[in-house]
Amino acid sequence: ADVIIWDFAARKIHARLQIHKAKVESLAFSPNDIYLVSLGGQDDGSIVVWNVESKEAICGSPASPHIAGHSLTIQYSNANDNIFVSAGNGTIRVWELDLPNRKIRPTECQMGQLKRIVRCIEVPEDDDFFYCGTSSGDILKVNLKTRLLNSCWPVKQKFSKGVNVLKVLKTGDVLVGSGDGMCTLCSGSNYTTIKYHMRLTLCPGRKVQLEGGVTSIALRGEGHQFFVGTEVAQIYRFSYTDFKEELITTSHNSAVTGMSFPFGSSELFATCSKDDIRVWHTVTSKELLRIRVPNMTCNAVEIMMDGRSIISAWNDGKIRVFSPESGQLSSVIHNAHSMSVTAIACARDCQRVVSGGGEGQVRLWELQPGLHKLIATMKEHKATVTCIKIKSNDKECVTTSSDGACIIWDLVRFVRNQMVLANTLFRTVCYHPEEYQIITSGTDRKIGYWEVYDGSAIRELEGSLSGAINGMDISHDGNYFVTGGDDKLMKVWGYTEGEVTHVGIGHSGSITSVRICPSRKYIVSTSADGAVLRWKYPHPS
């Protein structure tokens, strides 16, 4: 598990520090940026102090005593480059760096009878005390000089689901972010200590409920404005004076499974994930609409050619149709497949939909206002149907499956026209715009060109050096296509040359789908880490 120090101005890596195993739990710079201290995860359990300039480790030590659990967080003091604090499950330690002897020496803070799991530490500017937020929902105040517990608050109404983040403002007030999504401002300037309890008073009206547990708070300037991030991948902006939240950024917080552009329009696109479908404005990357279906996962989404409905495939075996303006559910096909619906495609007549399921069946549905009808079921695939594409005349479609078969179906007689077999789990397929060839890809990392007429192989390209190819799309002129997969690289290919023209590096998870927008200005790709990335299309349209 590497620690990477970045040169922010140059946007380059300053140093890559390798010593921790499996996980790095927390990092902290010293006040003068001379040292960086890193805390390893549960399997590593060590604290290491690094010299930022020389990029070398100065010294290290086990983070927790043997009788305590593992440490979770670390924080430097504000005035002294040689003092920092670590805390975790049943342990709070103040460390002193002895540079001549290359050692760090810990002092365990005396907690009395209190047993707490500390999630976060905040050291105010004066370095007299430090605050610890705990999983029990209370805040400990510890004297940094004497290493003794000063007080613990609140006594009765603790913060629900624990204190995740603490930030001390210049005024002495404390911002508290809790696990239930509550962001609270506590007045810390006039607390009184009574035996073991400090009375940080709640400021009236300074309490806001956000969506998802608070994960981080960042202060701007003197704290007149601050930003709050939550577990559901949303960022809010607050102003200190009115303490009102403003949602400024949203994103998916689980794997994005699919995406779709409306026919002939690049202004909007839809993405689907666990619990929801979202419609985005392409240029500004702002979320315009969110359609929620709790505790379900949407596997595929398509926008009808007339733009009047969003068709979606769900893991509960249902096909749901939504209105794109309001997000209202307009119709549901119950039990569309016995297992989850895994792939979907819409015909150009805006009345028929082809769906594929986890059991391997391909079904053709007719959609009318207020009713739906099953027209045909085609049974050839032995495993999950992964992708469906319909020919422009609506008389033929191609499906891929993880059974290693790619089948071209006749949608008039509902029989198989051609079958392509390969030693791979097919993930995606595309028709060439002239529709005499198809290109496929899957887990064997190969891109296959096939003749539609007789299913014969034309040629095969090495699509990736590592990992399956999960997404593919071809430009409307047929000159270029894009791919993305488990290697996290978005590649643009020349169709006839079979050569990579451009590579996009940006995803930190496996790419799940990729699309060229109809105007050929952008490429949009989605990945398993919840990211949606928009790229400039590299070739003139």
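Model, not experiment: these values are computed from the prediction. (Residues numbered from 1 in each chain as written. Predicted model: local features only at pLDDT ≥ 70, side-chain atom pairs only at ≥ 80, totals over all residues. Heavy atoms only, no water.)

Quick look at the overall build of the chain
Right, so step 1: Each helix and strand counted, the chain has zero helices and 50 strands in total.
Right, so step 2: The buried share of the chain, taken over its 541 residues, is 51%.
Right, so step 3: The contacts in the chain between residues at least 6 apart in sequence include a share of 39% that link residues at least 24 apart.
Right, so step 4: Side chains of the chain carry 58 positive and 56 negative charges; the gap between the two charge centres is 5 Å. (Helix = DSSP H or I, 4+ residues; strand = E, 2+ residues; numbered from the N terminus. Buried < 20%, exposed > 50% of the residue type's maximum accessible area, 1.4 Å probe, protein only. Contact = heavy atoms within 4.5 Å. Lys, Arg positive; Asp, Glu negative; His and termini not counted. Charge placed at Lys NZ, Arg CZ, Asp CG, Glu CD.)

Comments concerning empty space enclosed by the protein
Right, so step 1: Tallied over the full model, the rule gives one cavity of 30 Å³ or more.
Right, so step 2: Its volume calculated, the largest cavity comes out at about 30 Å³.
Right, so step 3: In terms of lining, the largest cavity is formed by Gly 463, Ser 464, Ile 469, Thr 483, Gly 484, Gly 485, Asp 487, Leu 489 and Lys 491.
Right, so step 4: Those elements that provide at least two residues to the lining of the largest cavity are strand S45 (480–485) and strand S46 (489–494).
Right, so step 5: Ranked by the residues each element gives to the lining of the largest cavity, the list is headed by S45, at three residues.
Right, so step 6: For the lining of the largest cavity, the class distribution of residues is two nonpolar, five polar and two charged. (1 Å grid on protein atoms, 1.4 Å probe; cavity = no way out; pocket = protein on both sides within 12 Å on 5 of 7 lines; lining within 4 Å. Points joined across faces, edges and corners; volume = space filled by probe spheres on them. Nonpolar A, V, L, I, M, F, W, Y, C, P; charged D, E, K, R; others polar.)

Here's the deal with the sheet that holds strand S23 (residues 234–239)
Right, so step 1: As summarised here, the arrangement of the four strands in space is S21-S22-S23-S24, forming an open sheet in which the pairing is antiparallel. Each having just a single partner strand, strand S21 (214–220) and strand S24 (245–250) make up the two edges of the open sheet. Each strand axis lies, on average, 25° off the axis of its neighbour in the sheet, ignoring direction.
Right, so step 2: Two elements, S23 and S24, share five bridges in a ladder whose sense is antiparallel. Within S24, the position partnered with Phe 238 by the bridge is Glu 245. (Pairing = 2+ DSSP bridges. Axes fitted to C-alpha atoms, helices over the stretch in contact; angles between N-to-C directions.)

Notes on the packing of aromatic side chains
Right, so step 1: In total, this model carries eleven aromatic pairs according to the counting rule given.
Right, so step 2: Between Trp 153 and Phe 159 the ring centres are 6.0 Å apart and the planes differ by 65°, which places this aromatic pair in the edge-to-face class.
Right, so step 3: Residue Trp 153 is classed as buried on the basis of its relative accessible area of 11%.
Right, so step 4: When the ring of Phe 238 is compared with that of Phe 243, the centres are 5.3 Å apart and the planes differ by 50°; the resulting orientation is tilted.
Right, so step 5: A relative accessible area of 2% places Phe 243 in the buried class. (Phe/Tyr/Trp six-rings, centres within 6.5 Å; stacked < 30°, edge-to-face > 60°.)

Topic: the nonpolar core
Right, so step 1: Membership of the largest hydrophobic core comes to 17 residues, with the highest contact counts inside it found for Val 85, Ile 92, Val 94, Ile 121, Phe 130, Cys 132 and Leu 140.
Right, so step 2: At the level of elements, strand S8 (83–88), strand S9 (91–98), strand S11 (118–122), strand S12 (129–134), strand S13 (139–143) and strand S14 (149–153) are the ones that each hand at least two residues to this core.
Right, so step 3: Broken down by element, this core gets its largest block of residues, three residues, from S8.
Right, so step 4: Setting aside residues no more than four positions away along its own chain, Phe 130 makes contact with Val 85, Ile 92, Val 94, Cys 109, Ile 121, Glu 122, Val 123, Pro 124, Leu 140, Lys 141, Val 142 and Leu 144. (Core = buried A, V, L, I, M, F, W, Y, C linked by side-chain atoms within 4.5 Å.)

A look at the environment of Ile 139
Right, so step 1: By the secondary structure assignment, Ile 139 is in strand S13.
Right, so step 2: Residue Ile 139 is classed as buried on the basis of its relative accessible area of 1%.
Right, so step 3: Distance in space between the C-alpha atoms of Ile 139 and Leu 149 is 11 Å, their sequence separation being ten residues.

Side note on the sheet that holds S45
Right, so step 1: One open sheet holds the four strands; their spatial order is S44-S45-S46-S47, and the pairing between them is antiparallel. Of all the strands in the sheet, just strand S44 (469–474) and strand S47 (500–505) have a single pairing partner and so form its edges. Along the sheet, successive strands turn relative to each other by an average axial angle of 20°, direction set aside.

With respect to the environment of Ser 456
Right, so step 1: Within the element layout of this structure, Ser 456 appears in the loop between strand S42 (446–451) and strand S43 (457–462).
Right, so step 2: Look at Ser 456 and you get partly exposed, because its relative accessible area is 30%.
Right, so step 3: Counting along the chain gives 324 residues from Ser 456 to Cys 132, while the straight-line C-alpha distance between them is 67 Å.
Right, so step 4: With residues near it in sequence (within four places) discarded, Ser 456 still touches Tyr 449, Trp 450 and Glu 451.
Right, so step 5: Looking at Ser 456, its side chain comes within polar contact range of the side chain of Asp 454, at 2.9 Å. (Polar contact = N/O pair within 3.5 Å; in protein donor to acceptor, adjacent residues only side chain to side chain.)

What to know about the state of the cysteines
Right, so step 1: If you walk through the whole model with that rule in mind, you get zero disulfides.
Right, so step 2: Unpaired in this structure, Cys 132 has its nearest cysteine sulfur neighbour in Cys 109, at a distance of 7.5 Å.
Right, so step 3: What makes Cys 132 buried here is its relative accessible area of 0%. (Disulfide = S-S within 2.5 Å.)

Details of the layout of surface pockets
Right, so step 1: In this structure, the largest pocket encloses a volume near 950 Å³.
Right, so step 2: Around the largest pocket, the lining comprises 33 residues; the ones closest to its centre are Phe 263, Arg 348, Lys 389, Ile 390 and His 476.
Right, so step 3: At the level of secondary structure, the elements contributing two or more residues to the lining of the largest pocket comprise strand S28 (287–303), strand S32 (341–346), strand S36 (385–390), strand S40 (426–431), S44 and strand S48 (511–516).
Right, so step 4: When its residues are assigned to classes, the lining of the largest pocket shows 19 nonpolar, six polar and eight charged.
Right, so step 5: There is about 810 Å³ of room inside the second largest pocket.

Remarks on unusual backbone geometry
Right, so step 1: Here the residue pair Trp 153 and Pro 154 is connected by a cis peptide bond, since its omega of -5° sits within 30 degrees of zero.
Right, so step 2: With respect to the secondary-structure elements, Pro 154 resides in the loop between S14 and strand S15 (163–168).
Right, so step 3: In this structure, Lys 55 takes a positive phi of about 65° despite not being glycine.
Right, so step 4: If you check the backbone angles, Asp 394 has positive phi at about 65° while not being a glycine.
Right, so step 5: For Asp 394, the location among the structural elements is in the loop between S36 and strand S37 (396–401).
Right, so step 6: Take Asp 394: its relative accessible area is 8%, and that puts it in the buried class.

Some remarks on the side chain of Asn 470
Right, so step 1: Along the polypeptide, Asn 470 turns up in strand S44.
Right, so step 2: Among the residues examined, Asn 470 registers a relative accessible area of 14% and is labelled buried.
Right, so step 3: In terms of polar contacts, Asn 470 uses its side chain to reach the side chain of Asp 486, at 2.9 Å.
Right, so step 4: Not counting chain neighbours up to four residues away, the residues in contact with Asn 470 comprise Arg 427, Thr 428, Gly 484, Gly 485, Asp 486, Ser 510, Ile 511 and Thr 512.

Some remarks on the UniProt feature "repeat: WD" (unreviewed entry) in the chain
Right, so step 1: Here, UniProt's "repeat: WD" (unreviewed entry) annotation points to residues 17–60, 334–368, 378–411, 462–503 and 504–541.
Right, so step 2: Regarding residues 334–368, the helix share stands at 0% and the strand share at 57%, and the terminal C-alpha atoms are separated by 15 Å. (UniProt positions renumbered as here; feature names shortened; annotations may be inferred.)

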